[in-house]
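The residues making up each chain are set out below.
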Amino acid sequence: MTSERIERALAHATHTTAVRFESGALAAVGETFAASFPGAGAQIVADGNTEAAAGQAVRASLREAGVGLEEGLVFPARPTLYAGYERVPEIVEVLEGSEAVPVAVGSGTLNDLVKRAAFELERPYMVVATAASMDGYAAYGASLAKDGHKQTLSCPAPRAVVADLDVLAAAPAAMTASGYGDLLGKVTAGADWLFADALGVEPIDDLSWGLVQEPLRASIGRPAALAHGDLGAMESLVEGLVMSGVAMQAYASSRPASGSEHQFSHLWEMEGLGRDLDPPLSHGYKVGLGSIAIAALYERLLERDLSALDIDACRHAWPSFPDLETRAHAAHPLLGDVAVAQLAGKYVDADGLADRLERLTVAWPALRERLAGQLLPATELRDMLAAAGCPTTPEEVGLTREELKATYARSQMIRSRYTVLDVAVETGLLEPCVEELFAPGGYWAQH
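What you see is a predicted model; the values in this text were computed from it and never measured.

## Notes on the overall build of the protein chain
Then comes step 1: Looking only at helices and strands, one finds 22 helices and eight strands in the protein chain.
Then comes step 2: A globule of 447 residues ought to have a C-alpha radius of gyration of about 22 Å, and the protein chain, at 22 Å, matches this closely.
Then comes step 3: By its C-alpha atoms, the protein chain is 70 × 40 × 40 Å across when sized along the principal axes.
Then comes step 4: The 447 residues of the protein chain split such that 59% are buried.
Then comes step 5: Relative to all contacts within the protein chain whose residues are 6 or more apart in sequence, the contacts with residues 24 or more apart total 77%.

## Remarks on the environment of glutamate 369
Then comes step 1: Within the fold, glutamate 369 resides in helix α17 (residues 350-374).
Then comes step 2: Judged by relative accessible area, glutamate 369 falls into the exposed class, the value being 63%.
Then comes step 3: Between the C-alpha atom of glutamate 369 and that of leucine 302, which follows or precedes it by 67 residues, the distance is 9.2 Å.

## Description of the pairing of strand β7 (residues 149-153)
Then comes step 1: Across five bridges, strand β6 (residues 142-146) lies against β7 in antiparallel orientation. Counted as the bridge partner of alanine 142 is leucine 153 from β7.
Then comes step 2: Hairpin connection from β6 to β7: two residues lie between these consecutive antiparallel strands, with aspartate 147 at a positive phi of about 55°.

## Some details on the pattern of salt bridges
Then comes step 1: Across all of its chains, the model carries 26 salt bridges by this definition.
Then comes step 2: Residues arginine 255 and glutamate 202 are paired through a salt bridge, measuring 2.9 Å at the closest nitrogen-oxygen approach. Residue arginine 255 is located in the loop between α11 (231-251) and α12 (260-270), and its partner glutamate 202 is located in the loop between α8 (186-198) and α9 (206-219); the two are separated by 53 residues in the primary sequence.
Then comes step 3: Residue arginine 255 is classed as buried on the basis of its relative accessible area, which comes to 0%.
Then comes step 4: Ionic pairing is found between glutamate 303 and arginine 300, a salt bridge with its closest N-O pair at 3.9 Å.
Then comes step 5: The exposure class of arginine 300 is buried, given its relative accessible area of 18%.
Then comes step 6: If you follow the salt bridges from partner to partner, you end up with Arg5, Arg8, Glu214 and Glu239 in one network.

## Overview of the sheet that holds strand β8 (residues 160-164)
Then comes step 1: Spatial strand order, β1-β8-β5-β4-β2-β3: six strands in an open sheet with parallel pairing. On the outer flanks of this sheet lie β1 (18-22) and β3 (69-75), each paired with one strand and no other. For this sheet the average axis-to-axis angle between neighbouring strands, irrespective of direction, equals 15°.
Then comes step 2: Packing of helix α3 (residues 48-64) onto the sheet brings it into contact with β2 (42-47), β3, β4 (101-106) and β5 (126-129), and relative to β2 it is tilted by some 160°.

## Details of helix α13 (residues 283-302)
Then comes step 1: The end-to-end C-alpha distance of α13 is 28 Å, a good match for the 28 Å that 20 residues give at a rise of 1.5 Å each.
Then comes step 2: Within α13, 18 of the 20 residues are buried, leaving the element largely enclosed by the surrounding structure.

## Things to note about the layout of surface pockets
Then comes step 1: Considering only enclosed or pocket space, the second largest pocket measures out at about 660 Å³ in volume.
Then comes step 2: For the second largest pocket, the lining is made up of 29 residues, of which Arg327, Ala409, Gln412, Val425 and Leu430 are closest to its centre.
Then comes step 3: Among the elements of the structure, α14 (311-317), α15 (321-331), α19 (401-411), α20 (420-426) and α21 (430-438) are those that each provide at least two residues to the lining of the second largest pocket.
Then comes step 4: The class makeup of the residues in the lining of the second largest pocket is 17 nonpolar, three polar and nine charged.

## Here we look at the packing of aromatic side chains
Then comes step 1: Throughout the structure, instances matching the rule amount to 12 aromatic pairs.
Then comes step 2: An angle of 90° between the planes, with centres 6.4 Å apart, marks the rings of tyrosine 408 and phenylalanine 438 as edge-to-face. Of the two residues, tyrosine 408 is situated in helix α19 and phenylalanine 438 in helix α21; the sequence distance between them amounts to 30 residues. Of the two residues, tyrosine 408 and phenylalanine 438, both sit in the buried class.
Then comes step 3: Here a set of aromatic residues connected by ring pairs shows up, and it is made of Phe264, Trp268, Tyr408, Phe438, Tyr443 and Trp444.
Then comes step 4: Geometry around tyrosine 85 places lysine 146 over its ring, the cationic atom sitting 5.2 Å from the centre.

## Quick notes on helix α16 (residues 336-344)
Then comes step 1: When we look at burial in α16, the residues that qualify are Gly336, Val338, Ala339, Val340 and Leu343.
Then comes step 2: The elements touched by buried residues of α16 are β7, α12 and α15.

## Regarding the pairing of β2
Then comes step 1: Counting buried positions over the six residues of β2 gives six, a clear majority of the element.
Then comes step 2: As paired strands, β2 and β3 are joined by five bridges and run parallel to one another. Its bridge partner being in β3, alanine 46 is matched across the sheet by valine 74.
Then comes step 3: Of the crossover connections in this fold, the one passing from β2 over α3 to the parallel β3 is right-handed.

## Some words on empty space enclosed by the protein
Then comes step 1: Applying the stated criterion across every chain, the model contains two cavities of 30 Å³ or more.
Then comes step 2: Considering only enclosed or pocket space, the largest cavity measures out at about 80 Å³ in volume.
Then comes step 3: Looking at the lining of the largest cavity residue by residue, the class counts come to 12 nonpolar, no polar and one charged.
Then comes step 4: Estimated volume of the second largest cavity: approximately 30 Å³.
Then comes step 5: Taken together, Tyr180, Ala218, Ser219, Ile220, Arg222, Pro223, Leu226, Ala233 and Ser236 make up the full set of residues lining the second largest cavity.
Then comes step 6: Sorting the residues of the lining of the second largest cavity by element identifies α9, α10 (223-227) and α11 as the ones contributing at least two each.
Then comes step 7: Within the lining of the second largest cavity, the residues separate by chemical class into six nonpolar, two polar and one charged.

## Some thoughts on the environment of glycine 68
Then comes step 1: Here glycine 68 shows up in the loop between α3 and β3.
Then comes step 2: By relative accessible area, glycine 68 is classed as partly exposed at 40%.
Then comes step 3: A C-alpha to C-alpha distance of 8.7 Å links glycine 68 and glutamine 43, two positions 25 residues apart in sequence.

The rules we used
Residues numbered from 1 in each chain as written. Predicted model: local features only at pLDDT ≥ 70, side-chain atom pairs only at ≥ 80, totals over all residues. Heavy atoms only, no water. Helix = DSSP H or I, 4+ residues; strand = E, 2+ residues; numbered from the N terminus. Rg over C-alpha atoms; globule rule 2.2 N^0.38 Å. Buried < 20%, exposed > 50% of the residue type's maximum accessible area, 1.4 Å probe, protein only. Contact = heavy atoms within 4.5 Å. Pairing = 2+ DSSP bridges. Salt bridge = Lys/Arg side-chain N within 4 Å of Asp/Glu carboxyl O. Axes fitted to C-alpha atoms, helices over the stretch in contact; angles between N-to-C directions. Expected span 1.5 Å × (residues − 1). 1 Å grid on protein atoms, 1.4 Å probe; cavity = no way out; pocket = protein on both sides within 12 Å on 5 of 7 lines; lining within 4 Å. Points joined across faces, edges and corners; volume = space filled by probe spheres on them. Nonpolar A, V, L, I, M, F, W, Y, C, P; charged D, E, K, R; others polar. Phe/Tyr/Trp six-rings, centres within 6.5 Å; stacked < 30°, edge-to-face > 60°. Lys NZ or Arg CZ within 6 Å of the ring centre and 35° of its normal. Right-handed = clockwise from strand over helix to strand, strands pointing away.

Shown next as structure tokens:
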């Protein structure tokens, strides 16, 4: 069983042909595998935790369906497996001993590692979800640490996804909260795409926009029930997460589901925030905090009349790219080259900036109304995240207020995607808006 919404969405997916999520879905793993990979054998990759949660049931279902099982790989339960590329060759070495189809039994890290390993072996794969912890199950690409920083490596989405709601509900509460935080970020990600569309940077794709935004409010609407293990709330969350993955797959980019809130998370991940914890600080927790931070920035920006912007002043204050390179290296002593490369992907010269800001002044009245309809107040996002069990302050994730404050400017530099951070930089409003957020009466001064 899967929702009608996901069934319709799969018609637009490029690689995933089957998604099954319901209570008791583990029993259908074999049937789903046999239909998706006729005549193929299976090779399971899990860790000690996911093996205990679902591994034996997956094997039993595969055997019952007549699927041959090759020897797989089970990583230790502790320390928690990290999403580092160095694990991919280990998986490849085991998988290349046969022609079987890899079956990832796990959540985000295992899924991404197996996804990339299958790609390097030029094989399709299947994933059996064990936690509703992120939106990448049905997504194109794998988010892995490689060459010193977190990046999205190319690889197709799984051909089949199975998620047993009973297994997901029994997962650690922190993992469900992480998935909630990741999904909540689609609110601000959508606002960022509205900006990019209005300014002619990246037009909105109606199909992938609808896949994410249509179910979003319902999927994030019951955080307290989700935290208490309500299966209906879990089903809504999973639907939203899967739909986001299918949207990224259909669009061949994470743009439909990732904006400036993810830039906060990616910067912190690249710099190792919480990596020394066991389990490590989750991606969704960082996205959730980033969503609050960006929503608060939007509130400051929406108070301003950008239709009256002084374009000449912005043009004259705009740095040359060599000046920008210097600033990037100063802001990112360890990641300067990464920042420069990303900035190069979205930089415009002073004339290009003036053209863009002229477009902004004309579009602002209607755009501001659309943004206000898309966004939720920072305080409301905070309360929703807290109800789901997510951290909502920088101190809870190991950051000082000064470090959070600096993240606004620093995160704008580490990704070429155009977001509200770029709008604020180009209009000269990022620094004053951020100062207001941390000044008496500002969001971060109050909370």
